[in-house]
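Spelled out from the first residue to the last, the chains are:
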Amino acid sequence: MKKITIFYQPLCPFCKKAFNYIDECMSENPELAEIEIEKIDELARPEFADKFDYYYVPTIYSDGKKLHEGGIFKEEMKELLTSVLTGKDYKSSAK
């Protein structure tokens, strides 16, 4: 099973949008529901989050590779999830 890890903060409006986009993309594209989503609240687990190189949330990793950092649009999320599922390269916005 394919998996992504998302670092977020509970009150972050960009994180809330990202989670909504994930839900919408998976609802509209049922094959994307095969992707496991691991959510890491960086405020609750700072010792774990500090092991990763990022500054902004949401930040999305897959197989140890940073795919996206910061706010994201729905189409970008769909492209990201599709790339994780298919193994194709995602045009990352990661810094």
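Residues numbered from 1 in each chain as written. Predicted model: local features only at pLDDT ≥ 70, side-chain atom pairs only at ≥ 80, totals over all residues. Heavy atoms only, no water.

K.L.:
How should I be thinking about the environment of Pro58 in this particular structure?
P.N.:
As for its placement among the helices and strands, Pro58 is situated in the loop between α2 (46-49) and β3 (59-62). You can call Pro58 buried: its relative accessible area is 1%. The spacing of Pro58 and Cys12 is 46 residues in sequence and 8.3 Å in space, taken between C-alpha atoms. Residues in contact with Pro58, not counting those within four places in the same chain, are Ile6, Phe7, Phe14, Cys15, Ala18, His68, Glu69, Gly70 and Gly71. (Helix = DSSP H or I, 4+ residues; strand = E, 2+ residues; numbered from the N terminus. Buried < 20%, exposed > 50% of the residue type's maximum accessible area, 1.4 Å probe, protein only. Contact = heavy atoms within 4.5 Å.)

K.L.:
Whenever I open this one, the pairing of β3 confuses me. Can you help?
P.N.:
Strand residues, when the strand is regular, have side chains that alternate between the two faces of the sheet. Of the two faces of β3, the one lined by Thr59 and Tyr61 and the one lined by Ile60 and Ser62 are each fully buried. Across three bridges, strand β1 (residues 3-8) lies against β3 in antiparallel orientation. Each bridged residue has a counterpart across the sheet, and for Ile6 the counterpart in β3 is Ile60. Of the strand pairs in this sheet, β3 and strand β4 (residues 65-69) are connected by four bridges, and their pairing is antiparallel. Following the sheet pairing, Tyr61 is matched in β4 by Lys66. Between β3 and β4, which pair antiparallel and follow one another directly, the connecting turn spans two residues, one of which, Asp63, has a positive phi of 50 degrees. (Pairing = 2+ DSSP bridges.)

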